[in-house]
Amino acid sequence: MSDPQVAVAMLLILLLAIFLGFPVAFTLMALGVAFGYYAYFDPGRMWRVYERAVEDGADAWTLTEHWIGGFFNNRIFDLFVNQTYSVISNDVLTAIPLFLFMGYIVERSNIIERLFGTLFIATRRVPGSMAVAALITCTLFATATGIVGAVVTLMGLLAFPAMLKARYDVRYASGVICAGGTLGILIPPSILLIVYGATAGVSVVRMYAAALLPGLLLAGLYLTYVVAKAVLQPQVAPKPTRDEVGHYSALQISWMLLTSFVPLAGLILAVLGAILFGLATPSEAAAIGALGGVVLAAAYRALTWQRLKESVYLTARTTAMVCWLFVGSATFASVFAYLGGQQLISDFVTGLDMSPLMFLIVAQLIIFILGWPLEWTEIIVIFIPIFLPLLAHFEIDPLFFGVLVAVNLQTAFLSPPMAMSAYYLKGISPPHVQLSDIFRGMMPYMLIVILCMVIIYIFPQIVYGLPNLIYGG
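Analysis parameters
Residues numbered from 1 in each chain as written. Predicted model: local features only at pLDDT ≥ 70, side-chain atom pairs only at ≥ 80, totals over all residues. Heavy atoms only, no water. Domains from an automatic or database assignment. Contact = heavy atoms within 4.5 Å. Buried area = accessible area lost by both parts, 1.4 Å probe. Salt bridge = Lys/Arg side-chain N within 4 Å of Asp/Glu carboxyl O. Helix = DSSP H or I, 4+ residues; strand = E, 2+ residues; numbered from the N terminus. Nonpolar A, V, L, I, M, F, W, Y, C, P; charged D, E, K, R; others polar. Core = buried A, V, L, I, M, F, W, Y, C linked by side-chain atoms within 4.5 Å. Buried < 20%, exposed > 50% of the residue type's maximum accessible area, 1.4 Å probe, protein only. Expected span 1.5 Å × (residues − 1). Bend = angle between axes of the 7 residues up to and from the residue.

Participant: I'd love a proper account of the domain arrangement of the protein chain, names of residues and values included.
Facilitator: Taken domain by domain, the protein chain comprises domain 1 (4–88) and domain 2 (93–303 + 340–471). Placing the centre of domain 1 and that of domain 2 at their C-alpha centroids yields a distance of 41 Å. Listed as interface residues are 11 residues of domain 1 and, on the opposing side, 9 residues of domain 2. Summing the contributions of domain 1 and of domain 2, the shared interface buries around 780 Å²; its carbon and sulfur component is 92%. At the boundary of domain 1 and domain 2, one finds 0 salt bridges. Of all elements in the fold, only helix 1 (3–19) and helix 2 (24–39) reach the threshold of two or more residues within the side of domain 1 that touches domain 2. With 8 residues, the top contributor of residues to the side of domain 1 that touches domain 2 is helix 1. Each residue belonging to the side of domain 1 that touches domain 2 can be placed in one class, and the counts come to 11 nonpolar, no polar and no charged.

Participant: Tell me about the nonpolar core, and please be specific about residues and values.
Facilitator: Core analysis: the largest hydrophobic core is formed by 168 residues, its most contacted members being F99, Y222, F359, I380, F401 and L409. Here this core gets 14 residues from one element, more than from any other, and that element is helix 13 (residues 204–232). The two domains that each donate at least three residues to this core are domain 1 (4–88) and domain 2 (93–303 + 340–471). With sequence-adjacent residues up to four places away left out, I380 is seen in contact with L192, V195, Y196, T199, P385, V405 and L409.

Participant: Before we move on, could you go through helix 15 (residues 250–276) and cite the residues and values that matter?
Facilitator: Look at helix 15: only 34 Å from first C-alpha to last across 27 residues, short of the 39 Å you get at 1.5 Å a residue. Remark: the principal bend of helix 15, roughly 40°, maps to V262, with a proline, P263, within the next four residues. With its phi angle positive at about 75°, G278 sits one or two positions after the end of helix 15.

Laid out in structure tokens, this is it:
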């Protein structure tokens, strides 16, 4: 087999291992080292010291020592160490554990339950008011955490039973929770955008500015659909009675919003504003956000030693997963490119003579399909680097491509049969809620995501407008 064919076999083995359920990060590292040993195998270099020892007539113990040393003198081990060091010392990735900690500590405070209740009361006259409140709460909470499973699970425990009790249609209610929970990977400060920026070499600050309006656009389209469906089909979201909502004056509602909505929204806006307007780097803003999360938890009397310990543990575990994914991906990608796999794919794609639009459609379709079995982290660090070298050929801006990918990856959590949002919600739902109902409830939101991508392509200023306004063209 030629080296490019070996590279293709390497990629196919990776896909097979992922589908069989092997841990992705360690599979990447193992394949990178194994195939890298073959790629960089150089007996003359590796056993040079051993051969000299043989010529000098060294004893058996010395020869054995030099032979073993030569076995580990392959350049793949140098590459692996260097990749590990570069990931650990990457300043951009420092923001990840801080944003994760902010999200985990906010998740364990009492603010989300109070926020949902307040928004429901404030929007009581809007059709589908409870779904509207759930969607806005999901958006804020997802933005603060960026962890889809946490948002869907917590909102599934808080809002989903309340909507079912209010006689909301199961499909309508489940779709709102699942779709709203995914917005955190798109709307800044998003961890996905940090990971993409580090992978593609794009400024995270510009990524945040570019993704803000598309994220709000998608949330607005979700909200429009929720209200429109409640208007056109009132039976899916019955209006609450005055007794169900309670009696509240405008002053009481204002105070409730001030003590529930404003603190979390203020924290998010402060962190995001500091980044966008250059007052702080993403890492510095993330540190302020983490401190703000602790202050919020203390203000709501939810800061206990146990919750703090859980947040630190979950932060460390998730951060380690992301870092080892980066190490494995970088090692795998380096060996893959060295064997000629990247060039083989590049030659194949450019030989198809596709237009930039056709390439975008094909690339986004591949990412959509990869979203069925894979998490967004795996797609970003493993497969996005395959597309990146092709962007220059098709004259596509990596910034624009990254925003499209972030929007597209919403479908990774909403597309059956591997829609993780559905399984998160099913795991905490009442027994009578069927997985098929949750799947059907999510389908309209998948179409909305596709519509959002079309709008972004037709009107690219949605992506470029804010970065050009703040930082110049």
